[in-house]
Amino acid sequence: MIYYFQYEKENMTAYCENAILRMPELLRQEFGRISRPENRLEHLLAWSLLEKAVQTEYGIDSLEQMDICRTEKGKPYSRAYPELYFNLSHCESACACIVSSGQVGIDVER
């Protein structure tokens, strides 16, 4: 299933302050290493969209429950749900994610 979210940066500040608290520690650490606030916002919204997708499609309550890890090459995956595949994409004003039972990819551009 594909999920897409288009937004205006100015309207997302309050949302992001709460959303980051729901993210797994691995992702919070990654967000902390992103120097530009705009890029942090893009990443956070893409991961939040994935959280919404897995809640809706698979009944998984949170990304924390998925036990997100990264491969040696940096690709994220769920250790708790290895049969669940996902991919994220984001740009300046939109983000997209796809979740599936097979390997998938997605790209969104301005």
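Our structure's up above, just so we're on the same page.
Residues numbered from 1 in each chain as written. Predicted model: local features only at pLDDT ≥ 70, side-chain atom pairs only at ≥ 80, totals over all residues. Heavy atoms only, no water.

A.B. asks: Outline unusual backbone geometry, supporting the account with residue identities and numerical values.
C.D. replies: Of note, the phi angle at Asp-67 is positive, near 55°, even though the residue is not glycine. Residue position: Asp-67 is located in the loop between helix H4 (63-66) and strand S2 (68-70). Exposure remark for Asp-67: the relative accessible area of 31% places this residue in the partly exposed category. (Helix = DSSP H or I, 4+ residues; strand = E, 2+ residues; numbered from the N terminus. Buried < 20%, exposed > 50% of the residue type's maximum accessible area, 1.4 Å probe, protein only.)

A.B. asks: Give me the lowdown on the pairing of strand S5 (residues 94-100), citing residues and values where you can.
C.D. replies: Where burial is concerned, most of S5 is hidden: 6 out of the 7 residues are buried. As paired elements, strand S1 (residues 2-6) and S5 share 5 bridges and run antiparallel to each other. Note that in S5 the partner of Gln-6 across the bridge is Ala-94. Bridge count between strand S4 (residues 85-90) and S5: 6 bridges; the pairing is antiparallel. Note on S5: the bridge partner recorded for His-90 is Cys-95. Between S4 and S5, which pair antiparallel one after the other, the connecting turn spans 3 residues. (Pairing = 2+ DSSP bridges.)

A.B. asks: Could you give me a rundown of the packing of helix H1 (residues 13-22) against helix H3 (residues 37-58), with the residues and numbers involved?
C.D. replies: Where H1 contacts H3, the two axes come as close as 10 Å, and the packing angle between them is 60°. If you check the angle between H1 and H3, you find them oblique. The two elements H1 and H3 cross, and the hand of that crossing is left-handed. Counted together, Tyr-15, Cys-16, Ala-19, Ile-20 and Arg-22 of H1 and Leu-41, Leu-44, Leu-45, Ser-48 and Glu-51 of H3 form the full contact between these two elements. Grouping the constituent residues of the contact of H1 with H3 by class yields 7 nonpolar, 1 polar and 2 charged. (Axes fitted to C-alpha atoms, helices over the stretch in contact; angles between N-to-C directions. Parallel < 35°, antiparallel > 145°, perpendicular 65-115°, else oblique. Left-handed = near helix turned anticlockwise from the far one by under 90°. Contact = heavy atoms within 4.5 Å. Nonpolar A, V, L, I, M, F, W, Y, C, P; charged D, E, K, R; others polar.)

A.B. asks: Quick one: what's the story with the environment of Tyr-3, residue by residue and with numbers?
C.D. replies: Among the structural elements, Tyr-3 can be located in strand S1. Sequence separation of Tyr-3 and Val-99 is 96 residues, and the distance between their C-alpha atoms is 8.6 Å. With residues near it in sequence (within four places) discarded, Tyr-3 still touches Leu-49, Ala-53, Thr-56, Glu-57, Cys-95, Ala-96 and Cys-97. Engagement of the side chain of Tyr-3 in a polar contact is seen with the side chain of Glu-57, the distance being 2.6 Å. (Polar contact = N/O pair within 3.5 Å; in protein donor to acceptor, adjacent residues only side chain to side chain.)

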